[in-house]
Amino acid sequence: MLEGFRPGVAATFGVGPDDVPERTVYCSITGFGSTGLHAGRAGHDLNYLGWAGVLEHTAPALPPVPIADLGAGAMGAVTQILAALFEREQTGRGRHVVVSMTRNAQRLASRPMLTGGLACYRIYRTSDDRWLTVAALEPVFWQRLVELIGRPDLADRHYAEDQEALAEELAAVFVARPLADWLELFENEDVCVGPVASRAEAATDLTSAT
């Protein structure tokens, strides 16, 4: 059983978690959980992300996909339902699973390493006002990256404390050349670098890569 009403509403229709057989896996996808300060509050994806702190560094820009709906809500429900089904195979009993899109979104964004905390995992502007994605997390990728951009002196600062200063130095390098130049330089290299492609570019590129 899967429902997405505010807490308590399904029960008024006679289909609440207490109205189903014991073996039923009952999943309630909620905005804020079944209890607590905001449990009865109305909301949508953007509101949940705002409450969760996910938009702190991106507002007023909108997220490119509905993260709370898809990642925190749908995927959160799938994983918890599967776990409950597995448990039922062992015990014969179902479970009431409550998915909070706000709390799950907060968990998804709780790793600042991948949301701007590291200079080696960011998006950098190029000289033609395009953007380059850099995700050189592993030392082997980072070492090769700084060699190729002519800054081998940055190798030892991969995970140093001065990440903002390091990011400024990388930004100064990448903004000196157009996107196409960087892509050509990195074409046959293992450095975890790529473009911020337009939708048209992505469609063409992915269509040709059969």
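The structure under discussion appears in the preceding block.
Worth saying up front: this structure is predicted, and the values here are computed from it rather than measured. (Residues numbered from 1 in each chain as written. Predicted model: local features only at pLDDT ≥ 70, side-chain atom pairs only at ≥ 80, totals over all residues. Heavy atoms only, no water.)

K.L.:
Got a sec to walk through the nonpolar core? Specific residues and values, please.
P.N.:
Grouped together as the largest cluster of nonpolar side chains are 25 residues, with contacts concentrated most on Trp142, Leu145, Ile149, Leu170, Phe174 and Phe186. Elements with a minimum of two residues in this core: strand S5 (131–135), helix H5 (139–148), helix H6 (163–174) and helix H7 (179–186). Among all residues touching Leu170, those that are not within four sequence positions of it are Ala119, Tyr124, Trp142, Ile149 and Leu154. Counting residues in hydrophobic clusters, the runner-up holds 16 residues, among them Phe32, Ala52, Ala77 and Met101. (Core = buried A, V, L, I, M, F, W, Y, C linked by side-chain atoms within 4.5 Å. Buried < 20%, exposed > 50% of the residue type's maximum accessible area, 1.4 Å probe, protein only. Helix = DSSP H or I, 4+ residues; strand = E, 2+ residues; numbered from the N terminus. Contact = heavy atoms within 4.5 Å.)

K.L.:
Which residues make up the packing of helix H2 (residues 45–52) against helix H3 (residues 67–91), and what values go with them?
P.N.:
Interhelical geometry of H2 versus H3 gives an angle of 70° and a closest axis separation of 8 Å. In terms of their interaxial angle, H2 and H3 are classed as roughly perpendicular. Residues Asp45, Tyr48 and Leu49 of H2 form the contact with H3, whose own contacting residues are Ile67, Ala68 and Asp69. Of the residues in the contact of H2 with H3, the class split is four nonpolar, no polar and two charged. (Axes fitted to C-alpha atoms, helices over the stretch in contact; angles between N-to-C directions. Parallel < 35°, antiparallel > 145°, perpendicular 65-115°, else oblique. Nonpolar A, V, L, I, M, F, W, Y, C, P; charged D, E, K, R; others polar.)

K.L.:
So what about the side chain of Ser100? Which residues, and what values?
P.N.:
As for its placement among the helices and strands, Ser100 is situated in strand S3 (residues 95–100). Beyond its immediate stretch of four places on either side in the chain, Ser100 contacts Thr30, Gly31, Phe32 and Gly33.

K.L.:
I'd like to hear about the packing of aromatic side chains, residue by residue, with values.
P.N.:
Counting across every chain of the model gives six aromatic pairs. Note on Tyr124 and Phe174: the rings are 5.3 Å apart at their centroids and 40° apart in plane angle, and the pair reads as tilted. With Tyr124 in strand S4 (residues 121–125) and Phe174 in helix H6, the pair connects residues that are 50 residues apart, well separated along the chain. Of the residues examined, Tyr124 reaches a relative accessible area of 4% and is grouped as buried. Classification of Phe174 by relative accessible area gives buried; the value is 0%. Ring centres of Trp182 and Phe186 lie 5.9 Å apart, and the angle between their planes is 15°; this geometry places the pair in the stacked category. A residue pair is termed a helical-turn pair when its members lie 3 or 4 positions apart in one helix, as Trp182 and Phe186 do in helix H7 at four residues. Given a relative accessible area of 2%, Trp182 falls into the buried group. Members of the aromatic cluster, joined through ring pairs, are Tyr124, Phe174, Trp182 and Phe186. When the ring centre of Trp182 is taken as origin, the NZ or CZ atom of Arg177, which lies over that ring, is 4.7 Å away. (Phe/Tyr/Trp six-rings, centres within 6.5 Å; stacked < 30°, edge-to-face > 60°. Lys NZ or Arg CZ within 6 Å of the ring centre and 35° of its normal.)

K.L.:
Requested: an account of H5, with residues and values cited.
P.N.:
Note that an α-helix has 3.6 residues per turn; residues three or four places apart therefore point the same way. Along H5, the residues that are buried comprise Phe141, Trp142, Leu145, Val146 and Leu148. For H5, the angular spread of the buried residues around the axis is 160°, confining them to a single face. Looking at the buried positions of H5, the neighbouring elements they touch are S5, H6, H7 and strand S6 (193–195). Phi turns positive one or two residues past the end of H5, at Gly150, with a value near 75°. (Arc of directions from axis to C-beta.)

K.L.:
Please give an account of the pattern of salt bridges that cites residues and values.
P.N.:
Across all of its chains, the model carries 10 salt bridges by this definition. Between Glu201 and Arg130 there is a salt bridge, and its shortest N-O distance comes to 2.8 Å. Highlighted residues: Glu201 in helix H8 (residues 199–208) and Arg130 in the loop between S4 and S5, separated in sequence by 71 residues. Its relative accessible area of 37% is what places Glu201 among the partly exposed residues. For Arg130, a relative accessible area of 25% puts it in the partly exposed group. (Salt bridge = Lys/Arg side-chain N within 4 Å of Asp/Glu carboxyl O.)

By themselves, these observations are geometric and do not establish any function.
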